[in-house]
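# Fold and contact review
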There are 2 protein chains.
Amino acid sequence: MVDLPAIAFVGLGIMGRPMAGHLLHAGYPLHVFSRTRSKAETLLAAGATWFDSPAACAAGADVLITCVTDTPDVLDVLFGVNGAAGSLSRGSCVVDTSTIAPSGARQCTERLSAAGVDFLDAPVTGGEIGAQNATLTIMVGGPGAAFERVRPILATLGKTVVHVGPSGAGQALKACNQILCALNMIGVCEALMLAREAGLDARQAIETLAGGAGGSWAWTNLAARLAGGDLNPAFMIRLMQKDLRIVQELAQQEGIPLPGTALAQQLFRAVEAVAGGGALGTQAMILAYERMRGLSLAGH
Amino acid sequence: MVDLPAIAFVGLGIMGRPMAGHLLHAGYPLHVFSRTRSKAETLLAAGATWFDSPAACAAGADVLITCVTDTPDVLDVLFGVNGAAGSLSRGSCVVDTSTIAPSGARQCTERLSAAGVDFLDAPVTGGEIGAQNATLTIMVGGPGAAFERVRPILATLGKTVVHVGPSGAGQALKACNQILCALNMIGVCEALMLAREAGLDARQAIETLAGGAGGSWAWTNLAARLAGGDLNPAFMIRLMQKDLRIVQELAQQEGIPLPGTALAQQLFRAVEAVAGGGALGTQAMILAYERMRGLSLAGH
């Protein structure tokens, strides 16, 4: 029997916790750290080992997987006080599954290369359900040799694991994915608003159009949630806004105007302006349309 | 053996000709008229009967199917000089498969009702290929009894035939479909532009994201055409613009702002401004983005 590499996992949120669980279940020795220790408890009961900092967690690990929120969070885990970079051994590899700026990924690659540590940007799509069912799509940028070494680990977490280019390429493709999600959602909201006001049955409308040229994952899944009045997150507006900010930063660097994405950001912003709006699912964009539809000029 | 009802078919364009062919093949006695007689020739050779006007074509038919472009065209076929309305017999039914304004459909319903003629709005989606393969989706508005009478005829033309409400409801649902197509296309263009400029392989990007939360019919089919440099129409920009004008007229009546649809109209307009642009497929929206990307400030 071959010894499996030791994995350090930092960030046990909605996505990270089930991902870490799959690794543990697959037999990998697992070190864990998260800002909130209580999130690790089921993992610790199942055999994971707790450490009190990223540095302690990463010491002795062959692979460090990070699953946090934004670029500054990844930089902090790696290069902050008690950051992992100081204790990663030469020849180890960092796999960052967070969605951050491609430039942030390239910065990590450069800063770690001096210590002989590889860095792969490996953002995921598929949401909480994909993390729980190990059906994530994982888009990886970075050196091909490092990708091949960690591929079996990633295959434990997702069903589609693709190497898409050099450092930052995974993040760039994730950015493309978020553009599609944002624009498809505008389509869902405008089509549903019209369907509703024209007196159509929303569920029949969704079903009739789902298989045609207007069909999308968003229409099949999120329009159906809207038809049932369900604004709970498959993906939170607050996180989508973070991702779209990354999209626009990248687009600005490349000199590409993205007016559709900009419109989605503004519509999401209208929902964020309501208390609790940012924690709703992206389909809650429809609240912005409903508010516009219901504008009253009385008493202003 | 039951005698099949006689069908008059007016409008033998890209969509109408294959649809009429299926009816002939199914054994329906078929009268045909089109502005250009040459478009009828294969049908005439196969047993259809030519008439020189909509009025002559509709005389003695149990069902009149119209397949033309816009609201004025339908009104002209029915109520213009030598229009069909004057010769349709009491108890017959008009099925309009064109995409027109819901208000236009209601107007036809009212004007024909005095003569005891039913009118169904029955716009289709699925494009030329759907018409050829009889796999169209047909969305029908109008009286349920009339729908049930013509359902077997429509089942010859499409695989999804749905009665969605009273007069105009089929057109309203078609309007929703066109919104989805327009917005999904903005997503396709913005995602592809970013993928390209970020140095990603377009085909790999399309394949990787197709099965996820960003996926859509447009991404799978039209992004793939774009990756191959193919701007040929699955659906022409010129016709999409006609449909989006109908969408906005309806939205204005209902008091719904549709900013995403408006953006799509402007981007398509930029392509239409180029000679021949309106005859390209909707995926040629990307030309507007490429032009913005390639703006030169030199020399002015």
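Residues numbered from 1 in each chain as written. Chains lettered and ligands numbered in written order. Predicted model: local features only at pLDDT ≥ 70, side-chain atom pairs only at ≥ 80, totals over all residues. Heavy atoms only, no water.

### Brief notes about the overall build of chain A
What counts, and what does not: The way it works is that DSSP assigns letters per residue, a run of H or I at least four long becomes a helix, a run of E at least two long becomes a strand, and they are numbered from the N terminus. Here the globule rule is a power law, 2.2 Å times the number of residues to the power 0.38, and the radius of gyration is based on C-alpha atoms. Throughout, exposure labels follow a simple rule: accessible area from a 1.4 Å probe, protein chains only, divided by the maximum for the residue type, with under 20% read as buried, over 50% as exposed, and the rest as partly exposed. To measure how exposed things are, a 1.4 Å probe is used in the Shrake-Rupley method; for residues, cover is taken only from the protein chains shown. For the charge count, each Lys or Arg is scored as positive and each Asp or Glu as negative, with His and the chain ends excluded. Just so you know, the charge point we use is NZ for Lys, CZ for Arg, CG for Asp and CD for Glu.
Of the regular secondary structure elements, chain A holds 13 helices and 9 strands. Relative to the compact-globule value of 19 Å for 300 residues, chain A shows a C-alpha radius of gyration of 21 Å, a close match. A principal-axis box enclosing the C-alpha atoms of chain A has dimensions of 65 × 40 × 40 Å. Each of the 300 residues in chain A was classed as buried or not, and the buried ones make up 55%. Carbon and sulfur atoms make up 53% of the accessible area of chain A, which totals about 11,800 Å². With 20 positive and 23 negative side-chain charges, chain A shows a spacing of 2 Å between the two charge centroids.

### Description of the packing of aromatic side chains
Residue and element names in this part refer to chain A. Applied cut-off: Stacked, edge-to-face and tilted are the three classes for Phe, Tyr and Trp ring pairs, Trp counted by its six-membered ring, which pair at centre distances within 6.5 Å; planes under 30 degrees apart are stacked, over 60 edge-to-face, the rest tilted. A ring is scored as having a charge over it whenever the NZ atom of a lysine or the CZ atom of an arginine sits within 6 Å of its centre and within 35 degrees of its normal.
All chains considered together, the criterion is met by 2 aromatic pairs over all chains. Aromatic pair F33 and W50: ring centres 5.8 Å apart, planes at 40°, arrangement tilted. Taken together, the positions of F33 in strand β2 (residues 30–33) and W50 in strand β3 (residues 49–50) put the pair 17 residues apart, joining distant regions of the chain. With a relative accessible area of 15%, F33 lands in the buried category. You can call W50 buried: its relative accessible area is 14%. Here the guanidinium or amino end of R111 rests over the ring plane of F79, the centre of that ring lying 4.0 Å away.

### Quick look at the state of the cysteines
Put simply, the rule reads: Two cysteine sulfurs form a disulfide in these notes if their separation is within 2.5 Å.
Per the stated rule, a full pass over the model turns up 0 disulfides over all chains. With no disulfide of its own, C57 of chain A lies 13 Å from the sulfur of C67 of chain A, the closest cysteine sulfur. Given the relative accessible area of 0%, C57 of chain A is considered buried. With no disulfide of its own, C93 of chain B lies 12 Å from the sulfur of C108 of chain B, the closest cysteine sulfur.

### Digging into the interface of chain A and chain B
Often, the extent of an interface is quoted as the loss of accessible area on bringing the components together. Put simply, the test is: We call two residues in contact when some of their heavy atoms are within 4.5 Å. Think of a salt bridge as a Lys or Arg side-chain nitrogen and an Asp or Glu carboxyl oxygen that are within 4 Å of each other. For this analysis, a polar contact is any N or O atom pair within 3.5 Å, provided that within protein one partner can donate a hydrogen and the other can accept it, and provided that sequence-adjacent residues contribute only side-chain to side-chain pairs. Throughout this entry, Asp, Glu, Lys and Arg are counted as charged residues, while Ala, Val, Leu, Ile, Met, Phe, Trp, Tyr, Cys and Pro are counted as nonpolar. The remaining residues, Gly among them, count as polar.
Each partner contributes residues to the interface: chain A has 53 residues there, and chain B has 53 residues. Viewed at the interface, chain B and chain A are joined by 0 salt bridges. There are 12 residue pairs in polar contact (both at pLDDT 80 or more) connecting chain A and chain B. Elements represented by at least two residues in the side of chain A that touches chain B include exactly β8 (136–141), β9 (158–165), α8 (169–197), α9 (202–210), α10 (217–227), α11 (237–254), α12 (259–272) and α13 (286–293) of chain A. It is α8 of chain A that provides the largest number of residues to the side of chain A that touches chain B, a total of 20 residues. Tallied by class, the residues present in the side of chain A that touches chain B amount to 35 nonpolar, 14 polar and 4 charged.

### Regarding the packing of helix α12 (residues 259–272) of chain B against helix α13 (residues 286–293) of chain B
Residues and elements named next belong to chain B. Note the following rule: Each axis is a line fitted through C-alpha atoms, taken for helices only over the stretch in contact, and angles between the N-to-C directions span 0 to 180 degrees. Roughly parallel means an angle under 35 degrees; roughly antiparallel, over 145; roughly perpendicular, 65 to 115; everything else is oblique.
Relative orientation of the contacting elements α12 and α13 amounts to 80°, with a least axis distance of 8 Å. Judged by the angle between their axes, α12 and α13 are roughly perpendicular. Within the contact between the two elements, α12 uses L267, A270 and V271 and α13 uses L287, A288, Y289 and M292.

### Here's the deal with the relation of the copies chain A and chain B
Here is the rule we go by: The least-squares superposition of copies is restricted to C-alpha atoms, and to residues with a pLDDT of at least 70 in both copies.
Between chain A and chain B, the superposition needs a rotation of 180° and an axial shift of 0.0 Å, giving an RMSD of 0.0 Å. In the structure described here, the two chain copies are related by an operation that fits a two-fold rotation axis. Closest approach to the rotation axis within chain A is made by the C-alpha atom of S216 of chain A, at a distance of 1.9 Å. Interface overlap between copies: 100% of the residues of chain A at the interface are likewise at the interface in chain B, consistent with a symmetric, same-surface contact.

### Quick notes on the domain arrangement of chain A
Residue and element names in this part refer to chain A. Note the following rule: Delimitation of the domains relies on an automatic or database domain assignment. Two parts placed together each lose some accessible area under a 1.4 Å probe, and adding up what both lose gives the buried area.
In terms of domain boundaries, chain A breaks down into domain 1 (7–165) and domain 2 (172–293). In this structure, domain 1 and domain 2 have C-alpha centres spaced 29 Å apart. Taken together, the contacts link 13 residues of domain 1 with 12 residues of domain 2. Overall, the association of domain 1 and domain 2 removes approximately 1,000 Å² of surface from exposure, summing both partners, and the carbon and sulfur fraction of that is 65%. At the junction of domain 1 and domain 2, the tally comes to 1 salt bridge. Scanning the region where domain 1 abuts domain 2 turns up 5 residue pairs in polar contact (both at pLDDT 80 or more). Secondary-structure elements contributing two or more residues to the side of domain 1 that touches domain 2 are α5 (102–113) and β7 (124–125). At 3 residues, α5 tops the list of elements feeding residues into the side of domain 1 that touches domain 2. Tallied by class, residues from the side of domain 1 that touches domain 2 come to 7 nonpolar, 4 polar and 2 charged.

### Overview of the side chain of K242 of chain A
Residue and element names in this part refer to chain A. Counting through the fold element by element, K242 comes out in helix α11. With a relative accessible area of 10%, K242 lands in the buried category. Leaving out residues up to four positions away in the same chain, K242 has contacts with T69, D70 and T99.

### Considerations on α5 of chain A
Residue and element names in this part refer to chain A. Selection criterion: For a helix, the expected span equals 1.5 Å multiplied by the number of residues minus one. Directions pointing from the helix axis toward each C-beta atom define the arc.
Compared with the 16 Å implied by 1.5 Å per residue over 12 residues, the 17 Å span of α5 between its first and last C-alpha is a close match. Taken as a whole, α5 has its buried residues at P102, G104, A105, C108 and L112. Each buried residue of α5 sits inside an arc of 160° when the element is viewed along its axis, so together they form one side.

### A closer look at the pattern of salt bridges
Residue and element names in this part refer to chain B. The tally for this structure, following the rule as stated, stands at 16 salt bridges over all chains. For the salt bridge of R149 with D118, the shortest nitrogen-to-oxygen distance reads 3.0 Å. Here D118 lies in strand β6 (residues 118–121) and R149 lies in helix α7 (residues 144–155), a separation of 31 residues in the sequence. Classification of R149 as partly exposed rests on a relative accessible area of 45%. Judged by its relative accessible area of 25%, D118 falls in the partly exposed class. Notably, a salt bridge pairs R196 with E290, separated by 2.6 Å at the nearest N-O pair. On the criterion of sequence distance, the pair formed by R196 in helix α8 (residues 169–197) and E290 in helix α13 is long-range, its members being 94 residues apart. Owing to a relative accessible area of 30%, E290 belongs among the partly exposed residues under this scheme.

### What about unusual backbone geometry?
A positive phi angle, close to 55°, is found at A134 of chain A, a residue other than glycine. A residue is classified by how much of its surface remains accessible, and A134 of chain A, at 19% relative accessible area, is buried. Of note, the phi angle at N82 of chain B is positive, near 60°, even though the residue is not glycine. Residue placement: N82 of chain B occurs in the loop between α4 (71–79) and β5 (93–96).

### So, the pairing of strand β9 (residues 158–165) of chain B
Residue and element names in this part refer to chain B. Filter applied, for reference: In short, DSSP must find at least two bridges between two strands for them to pair. Whether a crossover is right-handed comes down to one check: with the strands pointing away from the viewer, does the path from the first strand over the helix to the second run clockwise; if it does, it is right-handed.
Note: strand β8 (residues 136–141) against β9, 6 bridges, orientation parallel. Within the sheet, the bridge partner assigned to I138 lies in β9 and is V161. Crossover β8 to β9 through α7 is right-handed.

### Side note on the environment of L244 of chain B
Residues and elements named next belong to chain B. Looking at the secondary structure, you find L244 in helix α11 (residues 237–254). For L244, a relative accessible area of 0% corresponds to the buried category. Considering only alpha carbons, one finds L244 and Q265, 21 residues apart in sequence, at a separation of 7.0 Å. Every residue in contact with L244, bar those within four places of it in the chain, is listed here: Q178, A182, T261, A264, Q265 and F268.

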